[in-house]
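Here is what each chain is made of, one letter per residue.
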Number of protein chains: 2
Amino acid sequence: MATATGISKWPLIGSVSRKKYDSANNYFSKGFSQSKIFLRNPSMNSSPLIFHEVGAGHTHMLKKTVINVLTPNISSPTTTAEFLDAWNDDYNGVVIDPDSLPISANAFANALRASLANWKLKGKKGVWLKLLLEQAELVPIAIQEGFKYHHAESGYVMLTYWIPDELCLLPCSPSHQIGVGGFVINDKREVLVVKENCPCSCSGVWKLPTGYINKSEDIFSGAIREVKEETGIDTVFLEIVAFRHAHLMAFENSDLLFICMLKPLSFDITIDEKEIQAAKWMPLNEFMGQPFHLEDPMSNKVIDICIAAHEDRYSGGYIGQQLPSKLDRKLSHLYYAESK
Amino acid sequence: MATATGISKWPLIGSVSRKKYDSANNYFSKGFSQSKIFLRNPSMNSSPLIFHEVGAGHTHMLKKTVINVLTPNISSPTTTAEFLDAWNDDYNGVVIDPDSLPISANAFANALRASLANWKLKGKKGVWLKLLLEQAELVPIAIQEGFKYHHAESGYVMLTYWIPDELCLLPCSPSHQIGVGGFVINDKREVLVVKENCPCSCSGVWKLPTGYINKSEDIFSGAIREVKEETGIDTVFLEIVAFRHAHLMAFENSDLLFICMLKPLSFDITIDEKEIQAAKWMPLNEFMGQPFHLEDPMSNKVIDICIAAHEDRYSGGYIGQQLPSKLDRKLSHLYYAESK
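Being a predicted model, the structure only gives us computed values, none of them experimental. (Residues numbered from 1 in each chain as written. Chains lettered and ligands numbered in written order. Predicted model: local features only at pLDDT ≥ 70, side-chain atom pairs only at ≥ 80, totals over all residues. Heavy atoms only, no water.)

**As for the overall build of chain A**
Step number 1: Helices and strands together make up the secondary structure of chain A, namely 8 helices and 16 strands.
Step number 2: Considering chain A as a whole, with its 340 residues, one finds that 62% of them fall into the buried category.
Step number 3: For chain A, long-range pairs separated by at least 24 residues make up 61% of all intrachain contacts whose partners lie at least 6 apart in sequence.
Step number 4: Summing over all exposed atoms, chain A offers an accessible surface of approximately 13,400 Å²; the carbon and sulfur share of this is 53%. (Helix = DSSP H or I, 4+ residues; strand = E, 2+ residues; numbered from the N terminus. Buried < 20%, exposed > 50% of the residue type's maximum accessible area, 1.4 Å probe, protein only. Contact = heavy atoms within 4.5 Å. Areas by Shrake-Rupley, 256 points an atom, 1.4 Å probe, with all protein chains shown as cover.)

Put into structure tokens, the structure is as follows:
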């Protein structure tokens, strides 16, 4: 039976509502079983479909159905245009197969137009079109036909087309960067601090090491890595003690910054000069006493929480526990407070 | 003095390291002061620059410097190509002005090539190029010149070019969707649950209402909105009790799902049939006793935490407190555990 991956796989929490759920999720993950449907040609939509089982993948959680078209042998230009290879999603939408797009821009334009007309007739809703770097020529053609951008990564751009004459229910593109900050304190009550290279107005301030996590990296391992990269100090993760949610940051997106308590395993500092200007162990009182921190309510509160957590006066430390979920058959981390 | 917005504005936490910090952040936020530099033409790079102060914005946190070119009056095709309007970022990179790109594809191609050659000579590093929907024709030209995609939203695609012959230090595109799940329990120990419309294998299970938060929406308000949209129930936010971090979800990105305790303010359910099949108040024991939940370690753990929180046996509930930060001059929410 077709099913959705992702957040919607967690039935306790419930699947996200349709307009937020990423239907494409089903198709851009790996390991789905696959079956193909061949349509003889666009004028034969009402003919019986020829089903051809192409292969079975190593999971039975999703069936991917590809709709192909055999070469048409009729001459009218409007009816000879081939349809694009595509498969249906669970939300009455269509995902165009990125691996079998016509190479010629003209053929693509014709096939796209014919396919859109066909999908409109069939009452389809969202259309997903992934174009690789080497298919960039096709971008203006798709935009010309009414596609919009959805999201992009280095090697591709994803475009979408919402067919119905009603509010678009397609999910948004990823909206958040995830940052981590490491609070590392040693037995002498000295905090591991860094001074940035960047020419910003806070460049004179000694701060906690921070950074963004990498793709598919966990919060706790990202914090450990950042501290190691910037200062050379090895640490173990103890707990998350707070997080900040800020909007209208880079590209007007948002970010979440998780403050992690880390225990140092080494003490000799080696800085990465490309990343930072200096790093050192700084007495806690001196760190807290920096004028910038005293005058900044956000910094002040975070320092209070970190000190309380260090002194075992804080109950909100979240550990991370890896747990399986039946539906996505994956291990994910759940962060929560252990009973103390 | 030029400074960075975003995560790096929080000196307590420290600015993120250069390779993760989004230098474009400086330029796509609003309200920066601006000054323009006019270069006479590309062959006059060594001539004294004519500085022309165009205007001062309402914040002095960043100076945006635009490099313009006066129309060249020399005839060689290679030297007459105008440079693209652009400004420098804090990381020795360049941001091409999206509002003054040549309309003709040819002129764009020539100016882009000339500009890249010029920036290479000057030792520039990252180049940012934002192309609006109506500039889609320019996408294949930029890709041809070596640009890659960075990220996209409905109306534009951002492209980047990394000039140095070394590891690209530009930040990644946003990588996370943020989901919220609402645990709403009434005085009769009944939990507000929904059954999804989607054809997935968990469609028979009664679940918590969930969804993704909207752009720039806060976690607590997203949870309240989702519950209201799906069930018609009004609630107030009490606390976040846990969150799950899952990878390789939609488009192989990650998501964070925050479990929020909400207190119901109304009791009559009205469902949104587009989003869900059914909703009801379900006795807690019956909710917990669903075979799916019993067999799913992730769901099980979350239910345990929610019940403990409801019964005041959980210390890890995070409230959200809005706090100002001096550097970004913004209010953001800090989530942490209040002392009980």
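**A look at helix α3 (residues 105–121) of chain B**
An α-helical turn contains 3.6 residues, so any two residues separated by three or four positions project in the same direction.
Residue and element names in this part refer to chain B.
Step number 1: In this model α3 runs 24 Å from its N-terminal to its C-terminal C-alpha over 17 residues, within 8% of the 24 Å that 1.5 Å per residue would give.
Step number 2: Within α3, burial applies to Phe108, Ala109, Ala111, Leu112, Ala114, Ser115, Leu116, Asn118 and Trp119.
Step number 3: On its buried side, α3 packs onto β4 (86–88), β5 (94–96), β6 (126–132), α4 (138–144) and β8 (156–162).
Step number 4: With a side-chain oxygen lying 3.3 Å from the backbone nitrogen of Asn106, the N-terminal cap of α3 falls on Ser104.
Step number 5: Positive backbone phi, approximately 75°, marks Gly123, located one or two places after α3. (Expected span 1.5 Å × (residues − 1). Polar contact = N/O pair within 3.5 Å; in protein donor to acceptor, adjacent residues only side chain to side chain.)

**What to know about the domain arrangement of chain A**
Step number 1: Per the domain assignment, the segments of chain A are domain 1 (86–162) and domain 2 (176–337).
Step number 2: One C-alpha centre belongs to domain 1 of chain A, the other to domain 2 of chain A; they are set 42 Å apart. (Domains from an automatic or database assignment.)

**With respect to the environment of A:Leu138**
Residue and element names in this part refer to chain A.
Step number 1: Structurally, Leu138 can be placed in helix α4 (residues 138–144).
Step number 2: What makes Leu138 buried here is its relative accessible area of 4%.
Step number 3: Note: C-alpha distance between Leu138 and Met249 (111 residues apart in sequence) is 31 Å.
Step number 4: Sequence-distant contacts of Leu138, that is, excluding residues within four places in its chain, are made with Leu101, Pro102, Ala105, Phe108 and Leu131.

**Regarding unusual backbone geometry**
Step number 1: Despite not being glycine, A:Arg189 shows a phi value in the positive range, around 55°.
Step number 2: For A:Arg189, the location among the structural elements is in the loop between β9 (176–184) and β10 (190–196).
Step number 3: The backbone of B:Leu248 sits at a positive phi, close to 55°, despite the residue not being glycine.
Step number 4: Tracing the chain through its elements places B:Leu248 in the loop between β12 (235–246) and β13 (254–264).
Step number 5: Relative accessible area serves as the criterion here: at 46%, B:Leu248 is assigned to the partly exposed category.

**So, the pairing of strand β15 (residues 318–325) of chain B**
All names here are of chain B.
Step number 1: Across 8 bridges, β15 lies against strand β16 (residues 330–337) in antiparallel orientation. Along β16, the bridge assignment pairs Gln321 with Leu334.
Step number 2: Between the antiparallel neighbours β15 and β16 lie 4 residues, among them Arg329 with a positive phi of about 55°. (Pairing = 2+ DSSP bridges.)

**Concerning the nonpolar core**
Step number 1: A:Ile219, A:Ile240, A:Phe258, B:Ile219, B:Ile240 and B:Phe258 are the most contacted members of the largest nonpolar core, which totals 94 residues.
Step number 2: Those residues in contact with A:Ile219 that lie beyond four places of it in its chain are A:Ile178, A:Val180, A:Ile213, A:Ile240, A:Phe258, A:Cys260, A:Tyr335, B:Phe243, B:His245 and B:Leu256.
Step number 3: With 55 residues, the next largest nonpolar core counts A:Leu133, A:Val139, A:Tyr161 and B:Ala111 among its residues. (Core = buried A, V, L, I, M, F, W, Y, C linked by side-chain atoms within 4.5 Å.)

**Comments concerning the pairing of β16(B)**
Step number 1: Of all 8 residues in β16(B), 6 are buried; the element is thus mostly enclosed.
Step number 2: The pairing of strand β12 (residues 235–246) of chain A with β16(B) spans 3 bridges and is classified as antiparallel. Bridge pairing links A:Arg244 to B:Leu334 in β16(B).

**Here's the deal with the pattern of salt bridges**
Step number 1: Across all of its chains, the model carries 20 salt bridges over all chains by this definition.
Step number 2: Notably, a salt bridge pairs A:Lys215 with A:Glu153, separated by 3.2 Å at the nearest N-O pair. Residue A:Lys215 is located in the loop between β11 (210–212) and α5 (219–231), and its partner A:Glu153 is located in strand β7 (residues 148–153); the two are separated by 62 residues in the primary sequence.
Step number 3: In this structure A:Lys215 comes out as partly exposed when scored by relative accessible area, which is 44%.
Step number 4: Owing to a relative accessible area of 17%, A:Glu153 belongs among the buried residues under this scheme.
Step number 5: A salt bridge links B:Glu229 to B:Arg225; the shortest N-O distance between them is 3.2 Å. Placement of both B:Glu229 and B:Arg225 in helix α5 (residues 219–231) is noted, with a separation of 4 residues, approximately one turn of the helix.
Step number 6: For B:Glu229, a relative accessible area of 27% gives the class partly exposed. (Salt bridge = Lys/Arg side-chain N within 4 Å of Asp/Glu carboxyl O.)

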